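Here is how the chains run, residue by residue.
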Amino acid sequence: MITPRIEDYLEELFLIESTGHEVTVTGLAERLKITKGTVTATVQKLVELGLVEHERYGNLHLTDSGRRKGMSVFRRHEGFRAFFHELLGLDREHSSEMACSMEHYVDNVTEDRLYALLEFFRRAHAEHQPWVDEAFLAIERPIIILPVPLTLCEIGAKGAILRLTADEEIRKELLERGFVSGTIVKLISVHEDKFDVQVQNSTEIISLNLNEAATIWIQQNKESNFA
């Protein structure tokens, strides 16, 4: 099984190989900042998987399959690093750290679409498309209010009901009580000791138990007003 740790080794071996330098266990341990014994154990696993050839007391060499896998991990790292740095505007170090965290969990389809999106923005930026500057400005100054259940709202929070996540029986009861998508509600009070939540709609104040309130998700909006 090729684990994220093994992929890290293959990526590092690929990077060293691409510089024209020979790779040894000692050199790899120094680059990865881990003990020589740890590297030796992992290299043995790489050999068993047919990804690396190891000369006795000598150099390490990627096999064809190991080289292809190492390049694949490297490409994903570079794709994510560029995405975070060029599109989201994160600094290079942070972008590289984020790329390291995500490069092991992406399939080929996602990778291809990531590169397609990145190249689309690069071309648009090179062509000085006006919407690109607007997109970058929006990314740098995000104003995002994600939907949350009523139980996580602050007292006085107000917004439109986005969805109900209750099972069919509770969902039906809530719909009959007026908790339908698009309805503007305001959280009046929460009494956790009594498992009671009070919510106001345009005409009345309604009491809910905590379990019911937890299934009502709203899109908070400070500008929402009652009719």
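## Some words on the pattern of salt bridges
One pass over the full model with this rule turns up 11 salt bridges. Residue Arg68 is joined to Asp64 by a salt bridge in which the shortest nitrogen-to-oxygen separation is 3.0 Å. A residue pair is termed a helical-turn pair when its members lie 3 or 4 positions apart in one helix, as Arg68 and Asp64 do in helix α4 (residues 64-87) at 4 residues. A residue is classified by how much of its surface remains accessible, and Arg68, at 55% relative accessible area, is exposed. Classification of Asp64 by relative accessible area gives partly exposed; the value is 47%. The network of salt bridges with common partners includes Arg75, Arg76 and Glu111.

## Considerations on the pairing of strand β4 (residues 158-164)
Summarising the sheet, β4 and strand β5 (residues 184-191) pair through 3 bridges and their orientation is antiparallel. What sits directly across from Lys158, in β5, is Lys186. As paired elements, β4 and strand β8 (residues 216-220) share 5 bridges and run antiparallel to each other. Within β8, the position partnered with Ile161 by the bridge is Ile218.

## Things to note about the sheet that holds strand β3 (residues 148-149)
Strand order in the open sheet made by the 6 strands is β3-β8-β4-β5-β6-β7, with antiparallel pairing throughout. Sheet topology places β3 and β7 (205-209) at the edges, where each strand pairs with a single neighbour.

## Description of unusual backbone geometry
Positioned with a positive phi, Lys33 is a non-glycine residue whose angle comes to about 60°. For Lys33, the location among the structural elements is in the loop between α2 (25-32) and α3 (36-48). Using a relative accessible area of 75% as the deciding quantity, one classes Lys33 as exposed. A positive phi is found at His128, a non-glycine position, where the angle reads about 60°.

## Side note on the packing of α4 against helix α5 (residues 92-102)
A pair of packed helices is characterised by two quantities: the angle between their axes and the separation of those axes. Remark: α4 packs on α5, axes separated minimally by 8 Å, with the N-to-C direction vectors making an angle of 135°. Regarding the angle of α4 to α5, the classification is oblique. Viewed along their axes, α4 and α5 form a crossing whose handedness is right-handed. Residues His77, Phe80, Arg81, Phe84 and His85 of α4 form the contact with α5, whose participating residues are Arg92, Ser95, Ser96, Met98, Ala99, Cys100 and Met102. In terms of residue class, the contact of α4 with α5 is made up of 6 nonpolar, 4 polar and 2 charged.

## Regarding a nonpolar patch on the surface
On the surface, Leu117, Phe120 and Trp131 cluster together into a nonpolar patch covering about 270 Å² of accessible area. Structurally, the position occupied by Leu117 is in helix α6 (residues 108-126). Accessibility expressed as a relative area gives 37% for Leu117, which makes it partly exposed.

## Concerning the pairing of strand β6 (residues 196-200)
Side chains of β6 alternate between two faces, with Val197 and Val199 buried and Asp196, Gln198 and Gln200 left unburied. Judged from the 5 bridges that link them, β5 and β6 form a sheet pairing that is antiparallel. Across the sheet, the residue bridging to Ser189 is Gln198, located in β6. Relative to β7, β6 runs antiparallel, the two being bridged by 5 bridges. Within β7, the position partnered with Gln198 by the bridge is Ser207. With antiparallel pairing between neighbouring strands as the criterion, β6 and β7 make up a hairpin whose turn holds 4 residues.

## Quick notes on the side chain of Glu7
Inspection of the secondary structure assignment puts Glu7 in helix α1 (residues 4-18). Residue Glu7 is classed as buried on the basis of its relative accessible area of 7%. The contacts of Glu7, once residues within four sequence positions are left out, are Ile2, Lys69, Val73 and His104.

What counts and what doesn't
Residue positions within a chain follow its written sequence, with the count starting from 1. Reporting in this predicted model follows two pLDDT cut-offs: at least 70 for local features of residues, and 80 or more for side-chain atom pairs to be given and counted; totals over whole chains, interfaces and linings ignore these cut-offs and use all residues. The basis for every side-chain value is the complete set of non-hydrogen atoms in the structure, without hydrogens or water. By definition, a salt bridge exists where a carboxyl oxygen of Asp or Glu is found within 4 Å of a side-chain nitrogen of Lys or Arg. Put simply, DSSP H or I for four residues or longer makes a helix, DSSP E for two residues or longer makes a strand, and each gets a number counted from the N terminus. The cut-offs for exposure are 20% and 50% of the maximum accessible area for each residue type, with area from a 1.4 Å probe on protein chains only; residues under the lower value are buried, those over the upper are exposed, and the others partly exposed. Paired strands, as defined in this entry, are two strands with at least two bridges between them according to DSSP. Note on geometry: axes are lines fitted to C-alpha atoms, helical ones only across the stretch in contact, with angles between N-to-C directions running from 0 to 180 degrees. Angles are sorted into four bins: roughly parallel if under 35 degrees, roughly antiparallel if over 145, roughly perpendicular if 65 to 115, and oblique for all others. Each crossing gets its handedness from the near helix: less than a right angle anticlockwise from the far helix is left-handed, clockwise is right-handed. We call two residues in contact whenever any of their non-hydrogen atoms come within 4.5 Å of each other. We call Asp, Glu, Lys and Arg charged. Ala, Val, Leu, Ile, Met, Phe, Trp, Tyr, Cys and Pro are nonpolar, and the rest, Gly among them, are polar. Surface patches are drawn from residues lacking salt bridges whose relative accessible area is over 30%; two like charges belong together within 9 Å, two nonpolar side chains (Val, Leu, Ile, Met, Phe, Trp, Tyr) within 5 Å. Note on areas: Shrake-Rupley, 1.4 Å probe, and residue coverage restricted to the protein chains presented here.

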